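Take a look at the letters that make up each chain.
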Amino acid sequence: MRVLFTDYDMLDVALERTLFREAGIELVEAQCRTEDDVIAASEGCSGLLVQYAQVGAKVFAARPQIGCVARIGAGYDTIDAKAAQAAGVWVANSPDYGVGEVSSHAFAMMLAAIRNVVRWNADVKAGTWHYTSAGTVPRLTDMTVGVLGLGRIGKRFAHIARNTFKRVIAHDPNLIDGDFPAYVERMSLEQLFEQADAISIHCLLHDGTRGLVGADLLRRMKPGSYLVNTARGAIIDLDGLTKVVAEGRLAGVGLDVLPIEPVPAGHPLLADPRVIFSPHSAFYSVASEVELRRKAAMNLVQWMRTGRPEYPVAIGTRLPPR
């Protein structure tokens, strides 16, 4: 039995090597960037462990022995789940590994933007010492916070925010009213952007959300509003965001994820003091990284043992080798 680790940016993969070795599975390591790379590296492999590599119909057609693809992460947009299911390939993720980390990171970015923490820090280090140097600061208990996507992380963010902001509102078309916490007011997408003073994005990336937050929607926000994204970079139309920031409509932006990572050198948002970046690190703590990687790898181990991964998002029919 053999699994391909298609790509990774960890400093070492001793954890994965140990888990697969103990399960009697050979691990092949690569740094694939294209589907052709995946096809070339996956000869003789029955499963794929994926971080960022693109995997779709081309791979499934070329490698009929591949029966399960496990993504390191809750999102699985780099894997064509529809093509996988059509080909009988299982797709699995790690849906619940970093709920606390991502929600608290989003909350920290939002507070840092609203309270001007990063700008004040830069001012002080540059020799300026005055409480008005970074601009005005609104009172949090006068503000309405909005949540786009009320899954595990969105709900945790709302729970954290409920005692800090005046109101918590949210939009999630996939939930029935009964799944909204009592302290969260349900809004349409347009109402969310019109009524919120600050919005945190927590929805999945798919065809319906790719580029969803663009200039038209952002211009619905109140002047002086705030936006944070710790979900998927491509949910925001970056060109549209750049235009709206340049217009001065937003008072602060926090971005942990981007459509292209890292952010291209010379991008205008890098020079804007209202924009805070972190390097796709919202998920990270020592414990959450171990949990994430273990759950992703164990999806493949479980499929090899039983024919079904622990956390399936696409149901397959291909069987493990015997």
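The notes below deal with the structure included here. (Residues numbered from 1 in each chain as written. Predicted model: local features only at pLDDT ≥ 70, side-chain atom pairs only at ≥ 80, totals over all residues. Heavy atoms only, no water.)

1. As for the pattern of salt bridges
Tallied over the entire structure, the rule returns 14 salt bridges. The residue Arg 293 makes a salt bridge to Glu 16 at a minimum N-O spacing of 2.7 Å. With a gap of 277 residues between them, Arg 293 in helix H11 (residues 286-306) and Glu 16 in helix H1 (residues 14-22) connect regions that are remote in the sequence. Residue Glu 16 is classed as buried on the basis of its relative accessible area, which comes to 0%. One salt bridge in this structure joins Glu 291 and Lys 295, with 2.8 Å as the shortest N-O distance. Linking Glu 291 with Lys 295, this pair stays in helix H11, spanning four residues, or about one helical turn. Taking the relative accessible area as the measure of exposure, Glu 291 reaches 28% and is therefore partly exposed. One network of salt bridges, with partners in common, ties together Glu 16, Glu 289 and Arg 293. (Salt bridge = Lys/Arg side-chain N within 4 Å of Asp/Glu carboxyl O. Helix = DSSP H or I, 4+ residues; strand = E, 2+ residues; numbered from the N terminus. Buried < 20%, exposed > 50% of the residue type's maximum accessible area, 1.4 Å probe, protein only.)

2. Some thoughts on the sheet that holds strand S13 (residues 312-314)
Pairing between the strands of a sheet is mediated by backbone hydrogen bonds and can be parallel or antiparallel. One open sheet accounts for six strands, arranged S2-S1-S3-S4-S5-S13; its pairing is mixed. Of all the strands in the sheet, just strand S2 (26-29) and S13 have a single pairing partner and so form its edges. Neighbour-to-neighbour, the strand axes of this sheet turn through a mean angle of 25°, independent of strand direction. Relative to the sheet, H1 contacts strand S1 (2-5), S2 and strand S3 (47-50), its axis offset from that of S2 by approximately 150°. (Pairing = 2+ DSSP bridges. Axes fitted to C-alpha atoms, helices over the stretch in contact; angles between N-to-C directions. Contact = heavy atoms within 4.5 Å.)

3. Quick look at H11
Its 21 residues place the ends of H11 30 Å apart at the C-alpha level, agreeing with the 30 Å of an ideal helix rising 1.5 Å per residue. Taken together, the buried positions of H11 are Ser 288, Leu 292, Arg 293, Lys 295, Ala 296, Ala 297, Asn 299, Leu 300, Val 301, Trp 303 and Met 304. The inward-facing, buried residues of H11 contact S1, H1, S3, strand S4 (68-71), strand S5 (90-92) and helix H5 (99-114). Downstream of H11 by one or two residues, Gly 307 has phi in the positive range, about 90°. (Expected span 1.5 Å × (residues − 1).)

4. Points about the packing of H1 against H11
As a packed pair, H1 and H11 sit with axes 10 Å apart at the nearest point and diverge in direction by 30°. As far as their axial angle goes, H11 and H1 are roughly parallel. Where H1 crosses over H11, the handedness of that crossing is right-handed. Residue-level inspection shows Ala 14, Leu 15, Glu 16, Leu 19 and Phe 20 of H1 in contact with H11, the latter providing Val 290, Arg 293, Arg 294, Ala 297, Met 298, Leu 300 and Val 301. Looking at the contact of H1 with H11 residue by residue, the classes come out as nine nonpolar, no polar and three charged. (Parallel < 35°, antiparallel > 145°, perpendicular 65-115°, else oblique. Left-handed = near helix turned anticlockwise from the far one by under 90°. Nonpolar A, V, L, I, M, F, W, Y, C, P; charged D, E, K, R; others polar.)

5. Quick look at the packing of aromatic side chains
Counting across every chain of the model gives five aromatic pairs. Judged by centre distance (4.9 Å) and plane angle (45°), the rings of Phe 5 and Tyr 8 are tilted. Judged by its relative accessible area of 0%, Phe 5 is buried. When the centroid spacing of 6.0 Å and the interplanar angle of 70° are considered together, the rings of Phe 107 and Phe 157 count as edge-to-face. Taken as a pair, Phe 107 in helix H5 and Phe 157 in helix H7 (residues 152-161) lie far apart in primary sequence, 50 residues in all. Relative accessible area serves as the criterion here: at 11%, Phe 107 is assigned to the buried category. Taken together through their ring pairs, the aromatic side chains of Tyr 97, Phe 283 and Tyr 284 make up a single cluster. Above the plane of the ring of Tyr 183 lies Arg 162, whose end atom (NZ or CZ) is 3.9 Å from the centre. (Phe/Tyr/Trp six-rings, centres within 6.5 Å; stacked < 30°, edge-to-face > 60°. Lys NZ or Arg CZ within 6 Å of the ring centre and 35° of its normal.)

6. Remarks on H5
Helix length check: H5 (16 residues) gives 23 Å between terminal C-alpha atoms against 22 Å at 1.5 Å per residue, within 8%. Those residues of H5 that fall on the buried side of the exposure criterion are Val 99, Val 102, Ser 103, Ala 106, Phe 107, Met 109, Met 110, Ala 112, Ala 113 and Ile 114.

7. Things to note about the packing of H5 against H7
As a packed pair, H5 and H7 sit with axes 8 Å apart at the nearest point and diverge in direction by 50°. Classed by the angle they form, the pair H5 and H7 counts as oblique. Crossing geometry of H5 relative to H7 is assigned as right-handed. Residues Val 99, Gly 100, Val 102, Ser 103, Ser 104, Ala 106, Phe 107 and Met 110 of H5 form the contact with H7, whose participating residues are Arg 152, Ile 153, Arg 156, Phe 157, Ile 160 and Ala 161. Tallied by class, the residues present in the contact of H5 with H7 amount to nine nonpolar, three polar and two charged.

8. Here's the deal with the nonpolar core
Phe 193, Ile 201, Val 213, Leu 241 and Leu 255 are the most contacted members of the largest nonpolar core, which has 32 residues in total. Per-element accounting of this core gives the leading share, four residues, to helix H10 (residues 238-246). Those residues in contact with Phe 193 that lie beyond four places of it in its chain are Leu 148, Ile 199, Val 213, Leu 217, Leu 218, Arg 220, Met 221 and Lys 222. Phe 107, Phe 157, Phe 180 and Tyr 226 belong to the second largest nonpolar core, which has 25 residues in total. (Core = buried A, V, L, I, M, F, W, Y, C linked by side-chain atoms within 4.5 Å.)

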